[in-house]
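Examination of the molecular architecture
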Amino acid sequence: MKKHSSKKFIERGNLSDLPHNIARSKIKGYLEGFIQGLVNEYKSREIVQPDSASEYLSRRSSKGELKPFQAALIPPELIRINQFERGLSTRLGNSVEECARIIAQDYYPTVHRGYDITAQVSITAFAEAERQKEQYESAAKGGQAKPSFEEMIIAMLNARRSDDLEEKQVRADLYIQTDDGRELIFEIKSPKPNKGQCLEILQRLLRFHLLRGDNSAQVQAYYAMPYNPYGSTKADYKWSQALNYLPFEETVVIGQNFWLILGGETTYEELLEIYLEVGHDKSKSMLDSLAFEF
């Protein structure tokens, strides 16, 4: 079996030769529509200020959204803005995934978002991926030496049989095929995952390799964190759950490392500039719509 290397695509020299610009108009247009759609959704929400304590306490909410002390102190306009901000935070990952797709399309021949990978695989090997995840968790909890991602892949592939095949499918957040047929597969998630999320992603990354079978060496499967909440470099990252429950150096690309793969050295900075531009352009209309109901 060919040796895997989770770093070979990050370090490949031709990335530095890519043109340092991204599909600005496509991304800006998408983000403007994304923001406007969210504003339209939240500006129509009616938030009625309490007339009195007894009036508010007589209300009912099937969704459990009553907050008497908040409602008493905060104007309805600010509550609507707060709800908008929470809704934006929840859906921001969708905007990042779409921007990643738009950028990658300019540099790679095949790019898909929400891509289903399907293959006939050995059920024994499929179960081995689960076992490898559990062993990794046990070693992490016990402070013992953890297997490398490479070792886990090998153990899983070596467990394959030919008499227990079944069709399995795993969906990737972002799928890329390079000019020479190699595959980049990304799970794009929060930079502060909990333990369960880390282990679930680890299992999914293993399964991506299993579904590619003998071509697994041509696959690079990553946990992609679109930004680093601790600083500009991977070494700055401090979130203990991810550091402990993921083969971090082998499988995680974060911030600049992620965007470099998709589009080149300046992609991350250029993308943030577009976000800033859209935020600046839309700021007044957001406030007018959400706070003053214009």
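Structural data are supplied above this passage.
All residue numbers refer to positions counted from 1 along the written sequence of the respective chain. Local features in a predicted model are, by the rule used here, given only for residues with pLDDT of at least 70; side-chain atom pairs are given and counted only at 80 or more, and totals for whole chains, interfaces and linings are based on all residues. By convention in this description, side-chain values take in all heavy atoms of the structure and omit both hydrogens and water.

A short note on the overall build of the protein
In terms of helices and strands, the protein carries eleven helices and five strands. Summary of the burial criterion: residues with accessible area below 20% of their type's maximum are buried, those above 50% are exposed, and those between are partly exposed, where the area comes from a 1.4 Å probe applied to protein chains only. In the protein, buried positions account for 44% of the 294 residues. A sequence separation of at least 24 residues applies to 78% of the contacts in the protein between residues at least 6 apart. Per-residue and other accessible areas were derived by the Shrake-Rupley procedure at a 1.4 Å probe size, with only the shown protein chains allowed to occlude residues. For the protein, the exposed surface amounts to about 15200 Å²; the carbon and sulfur share of it is 50%. Put simply, DSSP marks the helices as runs of H or I at least four residues long and the strands as runs of E at least two long, and each gets a number from the N terminus on. Any two residues having at least one pair of non-hydrogen atoms within 4.5 Å are treated as being in contact.

Digging into the packing of helix α4 (residues 76–105) against helix α10 (residues 256–263)
Here the axes come from fitting lines to C-alpha atoms, over the contacting stretch only for helices, and the angles between their N-to-C directions go from 0 to 180 degrees. Across the interface, α4 lies against α10 with an axial gap of 8 Å and an inter-helix angle of 35°. On the side of α4, the interface is formed by Val 96, Ala 100, Ile 103 and Ala 104, while α10 contributes Phe 258, Trp 259, Leu 262 and Gly 263. Looking at the contact of α4 with α10 residue by residue, the classes come out as seven nonpolar, one polar and no charged. Side-chain classes follow a simple rule in which Ala, Val, Leu, Ile, Met, Phe, Trp, Tyr, Cys and Pro form the nonpolar group, Asp, Glu, Lys and Arg form the charged group, and the remainder, Gly included, forms the polar group.

Structural notes on a nonpolar patch on the surface
For patch detection, residues must exceed 30% relative accessible area and be free of salt bridges, and they are connected within 9 Å for like charges or within 5 Å for nonpolar side chains (Val, Leu, Ile, Met, Phe, Trp, Tyr). Salt bridge criterion: a side-chain nitrogen from Lys or Arg within 4 Å of a carboxyl oxygen from Asp or Glu. Residues Leu 73, Ile 74 and Leu 78 make up a contiguous nonpolar surface patch of roughly 310 Å² in combined accessible area. When you line up the elements, Ile 74 lands in the loop between α3 (68–73) and α4. What makes Ile 74 partly exposed here is its relative accessible area of 30%.

Some remarks on the environment of Gln 177
By secondary structure assignment, the location of Gln 177 is in strand β2 (residues 165–177). Gln 177 has contacts with Tyr 108, Pro 109, Thr 110, Arg 182 and Glu 183, leaving out every residue within four places of it along the chain. Reaching out from Gln 177, the side chain makes a polar contact with the side chain of Tyr 175 at a distance of 3.5 Å. The definition of a polar contact used here is a pair of N or O atoms within 3.5 Å, where within protein one atom must be able to donate a hydrogen and the other to accept one, and adjacent residues in sequence count solely through side-chain atom pairs.

Here's the deal with α10
Most of α10 sits out of view: six of its eight residues are buried. Lining the buried residues of α10 we find α4, β2, β3 (183–188), β4 (219–225), β5 (252–254) and α11 (267–291). Phi turns positive one or two residues past the end of α10, at Gly 264, with a value near 120°.

What about the nonpolar core?
Here, nonpolar core means buried Ala, Val, Leu, Ile, Met, Phe, Trp, Tyr and Cys residues that are tied together by side-chain atoms lying within 4.5 Å of each other. Membership of the largest hydrophobic core comes to 38 residues, with the highest contact counts inside it found for Ile 185, Phe 208 and Met 225. For this core, the secondary structure elements donating two or more residues are β1 (110–122), α5 (123–141), α6 (149–158), β2, α7 (195–212), β4, α8 (240–245) and β5. If one sorts the elements of this core by residue count, α7 sits on top with nine residues. Sequence-distant contacts of Met 225, defined by excluding residues within four places in its chain, comprise Lys 189, Ser 190, Pro 191, Pro 193, Tyr 237, Ala 242, Phe 248, Val 252, Val 253, Ile 254, Gly 255 and Phe 258. In terms of nonpolar packing, the next biggest core, distinct from the first, is built from 28 residues, Ala 23, Leu 31, Val 96 and Leu 174 among them.

Describing the environment of Ser 44
With respect to the element layout, Ser 44 can be found in the loop between α1 (24–43) and α2 (53–57). Once the C-alpha coordinates of Ser 44 and Leu 290 are considered, the two residues, 246 residues apart in sequence, prove to be 8.5 Å apart.

Some points on the packing of α4 against α11
Here α4 crosses α11 at 150°, and the two axes come no closer than 12 Å. Between α4 and α11, the crossing angle belongs to the class labelled roughly antiparallel. Pair α4 / α11 crosses with right-handed handedness. Residues Glu 77, Arg 80, Ile 81, Phe 84, Leu 92, Ser 95, Val 96, Cys 99 and Ile 103 of α4 touch α11, and the partners they reach there are Thr 267, Leu 271, Tyr 275, Met 286, Leu 287, Leu 290 and Ala 291. Partitioned by chemical class, the residues of the contact of α4 with α11 number twelve nonpolar, two polar and two charged. For classification, angles of less than 35 degrees are called roughly parallel, those exceeding 145 degrees roughly antiparallel, those between 65 and 115 degrees roughly perpendicular, and all remaining angles oblique. In this scheme the crossing of two helices becomes right-handed for a clockwise turn of the near helix relative to the far one and left-handed for an anticlockwise turn of less than a right angle.

Overview of the sheet that holds β4
A pair of strands is treated as paired once DSSP finds two or more bridges between them. Taking strand neighbours across the sheet as the criterion, the five strands line up as β1-β2-β3-β4-β5 in an open arrangement whose pairing is mixed. The strands lining the two open edges of the sheet, one partner per strand, are β1 and β5. Ignoring which end each strand starts from, the neighbouring axes of this sheet average 45° apart. Of the pairings in the sheet, the one linking β1 to β2 comprises twelve bridges and is antiparallel in character. Bridge assignment links Val 111 to a residue of β2, and that residue is Ile 176.

Points about the pairing of β4
A large share of β4 lies buried, amounting to seven of its seven residues. Here β4 shows two buried faces, one formed by Val 219, Ala 221, Tyr 223 and Met 225 and the other by Gln 220, Tyr 222 and Ala 224. On the question of chirality, the crossover connecting β3 to the parallel β4 by way of α7 is right-handed. The sheet contact formed by β4 and β5 spans three bridges and is parallel. If you follow Ala 224 over to β5, its bridge partner there is Val 253. With the strands pointing away from the viewer, any crossover whose connection runs clockwise from the first strand over the helix to the second is right-handed.

Some points on the packing of aromatic side chains
Between rings of Phe, Tyr and Trp, where Trp is taken as its six-membered ring, a pair exists when centres lie within 6.5 Å; planes separated by under 30 degrees are stacked, by over 60 edge-to-face, and by other angles tilted. For the coordinates displayed, the defined rule picks out nine aromatic pairs. For the ring pair Phe 186 and Phe 258, a centre distance of 5.5 Å and an interplane angle of 65° mean the geometry is edge-to-face. Of this pair, Phe 186 sits in strand β3 while Phe 258 sits in helix α10, placing them 72 residues apart in sequence. A ring pair is formed by Tyr 237 and Phe 248, whose centres lie 5.0 Å apart and whose planes are at 15°; its orientation type is stacked. Pair noted here: Tyr 237 is in the loop between β4 and α8 and Phe 248 is in helix α9 (residues 248–251), with a separation of eleven residues, a long-range link. You'll find Tyr 237 and Phe 248 in the same group, each marked buried. Ring-pair connections join several aromatic residues into one group, and the members of that group are Phe 186, Tyr 222, Phe 258, Trp 259 and Tyr 268. Seen from the ring of Phe 126, Lys 168 lies directly overhead, with NZ or CZ sitting 4.8 Å from the centre. Criterion for a charge above a ring: Arg CZ or Lys NZ at most 6 Å from the ring centre, at most 35 degrees from the ring normal. Positioned above the aromatic ring of Phe 248, the side-chain terminus of Lys 234 is 5.1 Å from the ring centre.

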